[in-house]
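Coordinate inspection notes
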Amino acid sequence: MIGVVARSEEHDVVREFFELFKTPWEFYRDDGCYEVLIRADDAVGPKSANLVIVYGSQPTAFDQETRSFLGRQRHDATLSWNGDRIPVYGRCVTLAPDPEVPDLVLEDTREPVVAMTRANGSTFVRVGYDLFREIRFLLTTGQPSVHAGIPTLERHIAFLRDVIVSAGVPLAEIPPIPEGYRFMACLTHDVDHPSIRLHRFDHTMFGFLYRAVVGSLINVCKGRTPLTTLWRNWAAAIRLPFVHLGLARDFWSQFSRYLEIEKGLGSTFFVIPVMHDPGRTVDGPAPMMRASSYGVSDIADRLRPIRAAGGEVALHGIDAWLDSSKGVEERERVSRVTGACTAGVRMHWLFFDERAPERLDEAGFTYDSTYGYNETVGFRAGTMQAFKPISARRLLELPLTIMDTALFYPSHRNLTPKAARQTVGQLMDEAERYGGALIINWHDRSLAPERLWGDFYVQLVDELKGRGAWCPTATQAASWFQQRRSAVFDSVHREGDSVRVKVSAGRHLGLPGLTVRVHTPPPPDGDRAIQWQQPRRFTDLAFRSALDTHVPLGTLGAS
Ligand SMILES: [Zn+2]
């Protein structure tokens, strides 16, 4: 059992941290019995445990007692650990070099940020940054886009897990991986332009014509796209008047193509509640360009096949993030048209602020999927896991990871298909490594001229399937994370040469089960208190609603 000593104002973020690192823990009690104690409070306090891990960027009472060397303080530094980068957004402090501790160092100067001492039969590991302040920053403000590709929060968990297991403590956790799969991926679509027929002589129509006729030519000349895209786009531009006259098919109408590509997988479509409403920003009216040319009732017929195929229709919100009564109104508008309860929301143009989760929660949504980047792809919260934003009571955030426009727009990453494939592949590598859900947003018109990002999308879906992703709707993904959050470790303790693990969880029918992963520590090596350079060894035990078993410590498989 892990005991945690933290300042009371950090208790909310500690609770959420241990939903993401789902392992037995509690806030320190005087009568508790702990193998591991995590101290993040700067104060003089309890310290009796086999392993005490002290986090902090300021001198602590522990440092005075142990006369620890504290070096320079840094702000906004990046750490390096076993070749992985971990950006630190608050302060961190360097510590005395020690050959026994792992290379958690400042990336630029190679000065250590971790130290170890032993006293009275306990091992003390001092880590020179404020773990829970870092987690709060990631879950509320989010990483700057320059570090978007780094799953920072997962790396904080991985480092802590490694310290504990390397110090000889067996550790049980429930990883964010659905049983039978490697990770999750949600295929979602913001429906901004479901029909080009709705755009007659407006900026969207002229923008389309310019990009189809001139932009495609430039892209072909630069070698960015093949000649076939030019013919297809020019042909679409020529067809446009006939589409408006009702004599040719509306080529921006792409729902059925999505359903074909995503057959057998979950799809989620976020739809706009009302036409011609740009909504508001914090300071006043939003630009008119944000207003949509349709409202959900205009596409009611086209939403039916989505729901019939097992897909989900959710809200693409206008003002729900700013005002919970607007949130209720927008949610109900969609529910009335679909005839089903609208569970989720993603804000149009990704409008959001720190209080938005609280307002969306109040409006009755069970999940939001806005927290991400407009300008790039990656992990704003430093994780692929759904989390409960600190200001929310029960709403989960499914952080947006990959958006088509961020990959390909000239004003954003402006990647070629080859470079985009590589970028997306790196994000999938991280998902395979840490689990969680890649939330993908491919806009409704992105398969059509002039974007023609359909071939890329088909390959992306194939690769996800090939890599063992479970592709549920966003509501199903949120339910799976709720199921994991409901899990309670009734007991994890050593009994002779084995670990007794007893865990229970609320069962959600129709969803993949959970897994308990038991990490076994390396065998003792002389008087070394911590053995860092061991291959990680663990065993996985799948379960549905309850598990009570003994895991022998000597026979766990290596991974
Ligand atoms: Zn939108």
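Structure shown above.
Residues numbered from 1 in each chain as written. Predicted model: local features only at pLDDT ≥ 70, side-chain atom pairs only at ≥ 80, totals over all residues. Heavy atoms only, no water.

1. Some remarks on the environment of Gly-382
Take Gly-382: it is sitting in the loop between β15 (367-368) and β16 (396-397). Between the C-alpha atoms of Gly-382 and Leu-360, which are 22 residues apart in sequence, the distance is 22 Å. Residues within four places of Gly-382 in sequence aside, it is in contact with Gln-143, Ile-150, Pro-151, Thr-152, Leu-153 and Glu-154. (Helix = DSSP H or I, 4+ residues; strand = E, 2+ residues; numbered from the N terminus. Contact = heavy atoms within 4.5 Å.)

2. Remarks on the sheet that holds strand β24 (residues 546-552)
Taken together, the 3 strands give an open sheet; going across it, the order is β20-β21-β24, and neighbouring strands pair in antiparallel fashion. Strands with a single pairing partner mark the edges of an open sheet, and in this sheet they are β20 (488-495) and β24. Each neighbouring strand pair of the sheet contributes to a mean axis angle of 10 degrees, computed without reference to strand direction. (Pairing = 2+ DSSP bridges. Axes fitted to C-alpha atoms, helices over the stretch in contact; angles between N-to-C directions.)

3. Remarks on helix α13 (residues 454-466)
The end-to-end C-alpha distance of α13, which contains 13 residues, comes to 18 Å, matching closely the 18 Å that a straight helix rising 1.5 Å per residue would cover. Of all the positions in α13, only Gly-454, Phe-456, Tyr-457, Leu-460, Val-461 and Leu-464 are classed as buried. Seen along its axis, α13 keeps its buried residues to an arc of 155 degrees; they face one direction. Set apart from the buried face of α13 by more than 90 degrees, the exposed residues are Asp-455 and Gly-466. Looking at the packing, one finds that the buried side of α13 touches β11 (183-191), α7 (255-261), α11 (404-408), α12 (417-434), β18 (437-441) and β19 (469-470). One or two steps after α13, the chain reaches Gly-468, where phi turns positive at roughly 85 degrees. (Expected span 1.5 Å × (residues − 1). Buried < 20%, exposed > 50% of the residue type's maximum accessible area, 1.4 Å probe, protein only. Arc of directions from axis to C-beta.)

4. Side note on the sheet that holds strand β5 (residues 70-81)
Pairing between the strands of a sheet comes from backbone hydrogen bonds, and it takes one of two forms, parallel or antiparallel. Spatial strand order, β6-β5-β7: 3 strands in an open sheet with antiparallel pairing. On the outer flanks of this sheet lie β6 (84-95) and β7 (104-106), each paired with one strand and no other. For this sheet, the mean angle separating the axes of adjacent strands, direction not counted, is 40 degrees. Alignment of β5 against β6, held across 9 bridges, turns out to be antiparallel. Bridge pairing in β6 links Thr-78 to Pro-87. Along the sheet face, helix α4 (residues 152-166) touches β5, β6 and β7 and points at about 65 degrees away from the line of β6.

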